[in-house]
Amino acid sequence: MIKNRISSFCIYILLSYKAYTGIVLFCGSVFILLLSPQIAAQRTPPERSPEPKAKVTENNPEKKSIDETNTIFPQDHPIKKMKEIVVKGSSAVPLLSITEDAAAAPAGTTILEKKQLDRITFNTYGDIFRNQVGINVIQYNQGLVAYGFTVRGFDEGHGRNAAIYHDGMPLNVTGSQHTNGYADQSLVIPELLERVEITRGPFSVLAGNHAVGASVQFHTASTVPSQFKYQIDNFGRSRFVPMASFKLGPGNLVMALDALIGNGYTQQSNAKRVNFFSRYSMPLGEGEASIRVQSYVADANSPGYLDKARILSGEISRRSILNNGIGDAKTHQNIVLNYRSNDIEGASGWGSGWFASAYYAHDIRRRWTNFDLSLPPDSNDPLNRERDELHQVGLDVRKTTSFNIGGEIPSQFVTGFQFNREEIHASRRQTDSRRNGIIPNDLFLDVVSVNRKVHTDMQAFYNNLQVRPLSRIKLTAGFRYDWMQFRTKLNEQDDVFASAIDSGLPTAIKRSASQFSPKVGAVLSLYQSERHQAEVYGNIARGLKSPYSFSDFYSNVDGVSNPNIPRLSISSLWSYEYGLKAGANDGSYNFRIGFWNTLQDQESSRNPAGFVQSFQKTRRDGFDVEGSWNVLPSTRIFASFSQVKARIKNPLDASQVFIPLVPKHTVIFGVESVVHVAGNPLTLTLANNYVGRMPISTDNSLHTKSYHRYTLRAAYQLPRSLYNAVITANVIGYTRQFEEVAFDFGGGAIGVSPSPRVKGTFTIAIPF
């Protein structure tokens, strides 16, 4: 079966009009390197043998990698002219490693370390996920709305189908009225991150609810280069990011301010944001403790969604606004405590192997909307305001123990506990186009439609065992037990309150649900040396998605649908994955191919009015191919291909089988090179992200067209006489402006949020 899938993939690449011949050449070159030790032996050997850790460094004074020359500012010495530049990706972590590092998990993982993050120009946090295999980022261009990204066949949904954590604090909001699992990542300042871990599928024991498409872990650095960064784009929007890192007492203090102001591509797209972040870390016992304090405030206007047909007919401009006053506002404060043992990767004993995170967050999110696509441009019609006030508290504590079974078999055991509580007061009311509340009158009798409180408690116990019984085999076995309790209370102003009374249903409910989720994996080494490795892997895991506690019960109490359908029960799924991973231990080349399948039993389906109409059985199948290769010492190419088939197995209508907003395939191809200009490094990156067409409606009668997203980036480090500043020019171009954001608004109407044809950004970063 694997052989047939690989053959089909190769034929598809060769025959597809949109595919690139370069991908075939690239994959062929990697296979040659993998299968021919004679060719591989001719490559420059590394300066040191790899260690089973995620971070691998090199000591060769004659060769500096792109990671050391592009954005790391010299502190006490001038820049030296280099004889040769070696471009490298991440150093490989063998899957056979007995380690807690996510890079060694038998799954489709992507690890972005500081050196790789520094080579990205961040217009928004969505750029973290751009050019990552199988991930399609959707930037709505609608103010502060959380971005979506499609992964493993799960639709965009504002990040709702990926469990996302920032220093151990979950960013998903289960009880959000906007969507179940709404994840706003705008709190993350990308320049402060030292590591991003992306695990596709539900295969990490560290993530439970929402981790159906993927789980993401953001880790903040304990130290960062002190610098001032200024960024401006061709629409006049500016971003200021001063950040400093310095010793304070026994520890180190990191402080940063992320400020943004200005307009975007469309009319009514001005935005203001101030994001203050501070983190103090210091030695404590056998590890490091830290306290993080963050405060965020933002306000933005947005154009609203526009009717695609009206734009194409010339009736309205692609830069028009639907209604005045559409936009968002948000305030947020959090405090996060972390502790990690220094020796978490190898020691036994009670004092070692600890990780702990405790957090509190207060968040107020407001959004003003109007979705009537028939309105004339610049309308002043009333708006619908959503408001969620969230109080969140929780913790995550785990212990890692490394040991040898029988004195000979390397093993590691992880056990942990998580707790998270959300308390949300959700309301929805009408306002005028200036966002002022409307007083009930003859025209607007009911200006408040939602007023309810939603409480969600989640507790989880998890563990994971890794064992290497033979030198070429590693086995993993783990599980999570998730318990959830949902409480929803209607206030009298809520429209559903009277319906519940009339239907004889309670106005306050309390439900609980739980699930046991096993996760099993295996790795077999095909080839292992000091310089190269090749392994096959496979795993199976159970995942879960919580019910939509904000509305699953009350959406049907008017009797239109069966009120017994929403049982407030967990929607479980099973996911399977197997693949091949190979690469050089020094990161000079790597390759991965993986096949996966996900089956879900009761994925909720809603009709256009928002009522739960059925629980669907769904199936998602796909495969990913990705890799990179140093074709020259100073030049690296990277490429990936992902194909997905996402279908409903028990549709109410036989033609309604497509899961919307899932691209059939994505292709990424790029090249990165670094050279010296006047004795200083210049980094050039050119990438193309091709996104295949996506169904917009479940019968595929409405769908997007395929499009390309090109990125050209040039970063140059100035000499010491010019403050060692780094200047960066970044240009993004779309071949089609309407395809990244397109939704079915009913009646054949497609609402779009056009992307700019070309967006250019200039950045200067000055160290101090």
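Located above this text is the structure these notes cover.
Residues numbered from 1 in each chain as written. Predicted model: local features only at pLDDT ≥ 70, side-chain atom pairs only at ≥ 80, totals over all residues. Heavy atoms only, no water.

Thoughts on helix 7 (residues 495–503)
Link 1 in the chain: Inspection of helix 7 places Val-496, Phe-497 and Ala-500 among the buried residues, and these make up the whole buried set. Looking straight down helix 7, one finds its buried side chains confined to an arc of 110°; they lie on one side.
Link 2 in the chain: On its buried side, helix 7 packs onto strand 22 (448–470) and strand 23 (473–490).
Link 3 in the chain: Measuring from the backbone nitrogen of Val-496 back to the side-chain oxygen at the start of helix 7 gives 3.0 Å, which picks out Asp-494 as the cap. (Buried < 20%, exposed > 50% of the residue type's maximum accessible area, 1.4 Å probe, protein only. Helix = DSSP H or I, 4+ residues; strand = E, 2+ residues; numbered from the N terminus. Arc of directions from axis to C-beta. Contact = heavy atoms within 4.5 Å. Polar contact = N/O pair within 3.5 Å; in protein donor to acceptor, adjacent residues only side chain to side chain.)

Focus: the sheet that holds strand 17 (residues 306–307)
Link 1 in the chain: Spatial strand order, 17-35-34: three strands in an open sheet with antiparallel pairing. Both edges of this open sheet fall to strand 17 and strand 34 (742–744), since each of them pairs with a single strand only.
Link 2 in the chain: Where strand 17 and strand 35 (residues 750–752) come together, two bridges link them in antiparallel fashion. Of the residues in strand 35, the one forming a bridge with Leu-306 is Val-752. (Pairing = 2+ DSSP bridges.)

Brief notes about the nonpolar core
Link 1 in the chain: Among the nonpolar cores identified, the biggest contains 44 residues, and Ile-128, Phe-129, Ile-164, Val-196 and Phe-218 are the most heavily contacted of them.
Link 2 in the chain: Among the secondary structure elements, those contributing two or more residues to this core are strand 4 (135–138), strand 5 (148–151), strand 6 (162–166), strand 9 (182–183), strand 10 (193–200), strand 11 (214–220), strand 16 (287–301) and strand 19 (354–369).
Link 3 in the chain: For Ile-164, the residues in contact, after removing those within four places along its chain, are Phe-149, Gly-159, Met-169, Pro-170, Leu-171, Asn-172, Ala-183, Gln-185, Val-216 and Phe-218. (Core = buried A, V, L, I, M, F, W, Y, C linked by side-chain atoms within 4.5 Å.)

A word on the sheet that holds strand 7 (residues 169–170)
Link 1 in the chain: Here five strands make up an open sheet; going across it, the order is 3-10-11-6-7 and the pairing mixed. Of all the strands in the sheet, just strand 3 (109–113) and strand 7 have a single pairing partner and so form its edges.
Link 2 in the chain: In this structure, strand 10 lies alongside strand 11, joined through seven bridges in antiparallel fashion. Opposite Glu-197, over in strand 11, you have Gln-217 as the bridge partner.

Brief notes about the packing of aromatic side chains
Link 1 in the chain: Under the defined criterion, the tally for this structure stands at 17 aromatic pairs.
Link 2 in the chain: Relative to Tyr-265, the ring of Phe-235 lies with its centre 5.8 Å away and its plane at 65°, an arrangement referred to as edge-to-face. Of this pair, Phe-235 sits in the loop between strand 12 (227–233) and strand 13 (238–248) while Tyr-265 sits in the loop between strand 14 (251–262) and strand 15 (271–284), placing them 30 residues apart in sequence.
Link 3 in the chain: Centre to centre, the rings of Phe-595 and Phe-623 are 5.6 Å apart; their planes meet at 40°, and the pair counts as tilted. Of this pair, Phe-595 sits in strand 27 (residues 589–606) while Phe-623 sits in strand 28 (residues 612–632), and the two are 28 residues apart along the sequence. (Phe/Tyr/Trp six-rings, centres within 6.5 Å; stacked < 30°, edge-to-face > 60°.)

Observations regarding the environment of Gly-538
Link 1 in the chain: Considering the arrangement of structural elements, one finds Gly-538 in strand 25 (residues 532–545).
Link 2 in the chain: On the basis of relative accessibility, which here comes to 22%, the residue Gly-538 falls in the partly exposed class.
Link 3 in the chain: Sequence separation between Gly-538 and Ala-522 is 16 residues, and the spatial gap between their C-alpha atoms is 5.5 Å.
Link 4 in the chain: Contacts of Gly-538, omitting those with residues within four sequence positions, involve Pro-106, Val-520, Gly-521, Ala-522, Glu-577 and Tyr-578.

Re the environment of Leu-718
Link 1 in the chain: Residue position: Leu-718 is located in the loop between strand 32 (707–717) and strand 33 (726–734).
Link 2 in the chain: Overall, the relative accessible area of 15% leaves Leu-718 in the buried class.

Here's the deal with the side chain of Ser-269
Link 1 in the chain: Tracing the sequence through the fold places Ser-269 in the loop between strand 14 and strand 15.
Link 2 in the chain: Polar contacts involving the side chain of Ser-269 include one to the main-chain amide nitrogen of Gly-264, which spans 2.8 Å.
Link 3 in the chain: When sequence neighbours within four positions are dropped, the list of residues in contact with Ser-269 reads Arg-237, Gly-262, Asn-263, Gly-264 and Asn-301.

Quick look at unusual backbone geometry
Link 1 in the chain: Despite not being glycine, His-158 shows a phi value in the positive range, around 55°.
Link 2 in the chain: Take His-158: it is sitting in the loop between strand 5 and strand 6.
Link 3 in the chain: Looking at His-158, the relative accessible area reads 11%, which means it is buried.
Link 4 in the chain: Positive phi, close to 55°, is recorded for Asp-167, a residue that is not glycine.
Link 5 in the chain: Along the chain, Asp-167 falls in the loop between strand 6 and strand 7.
Link 6 in the chain: A relative accessible area of 6% places Asp-167 in the buried class.

A closer look at a nonpolar patch on the surface
Link 1 in the chain: Taken together, Phe-246, Leu-248, Met-255, Leu-257, Val-274, Phe-276 and Val-297 make up a surface patch of nonpolar side chains, about 520 Å² in accessible area.
Link 2 in the chain: Mapped onto the nonpolar patch, the elements with two or more residues apiece are strand 13, strand 14 and strand 15.
Link 3 in the chain: Mapped onto the elements of the fold, Met-255 is located in strand 14.
Link 4 in the chain: With a relative accessible area of 30%, Met-255 lands in the partly exposed category. (Patch = residues over 30% accessible without salt bridge, like charges linked within 9 Å, V, L, I, M, F, W, Y side chains within 5 Å. Areas by Shrake-Rupley, 256 points an atom, 1.4 Å probe, with all protein chains shown as cover. Salt bridge = Lys/Arg side-chain N within 4 Å of Asp/Glu carboxyl O.)

So, the side chain of Arg-195
Link 1 in the chain: Tracing the backbone shows Arg-195 in strand 10.
Link 2 in the chain: At a separation of 2.6 Å, a polar atom in the side chain of Arg-195 contacts the side chain of Asp-101.
Link 3 in the chain: Side-chain polar atoms of Arg-195 contact the side chain of Glu-197, separated by 2.8 Å.

Nothing here speaks to function; it is geometry throughout.
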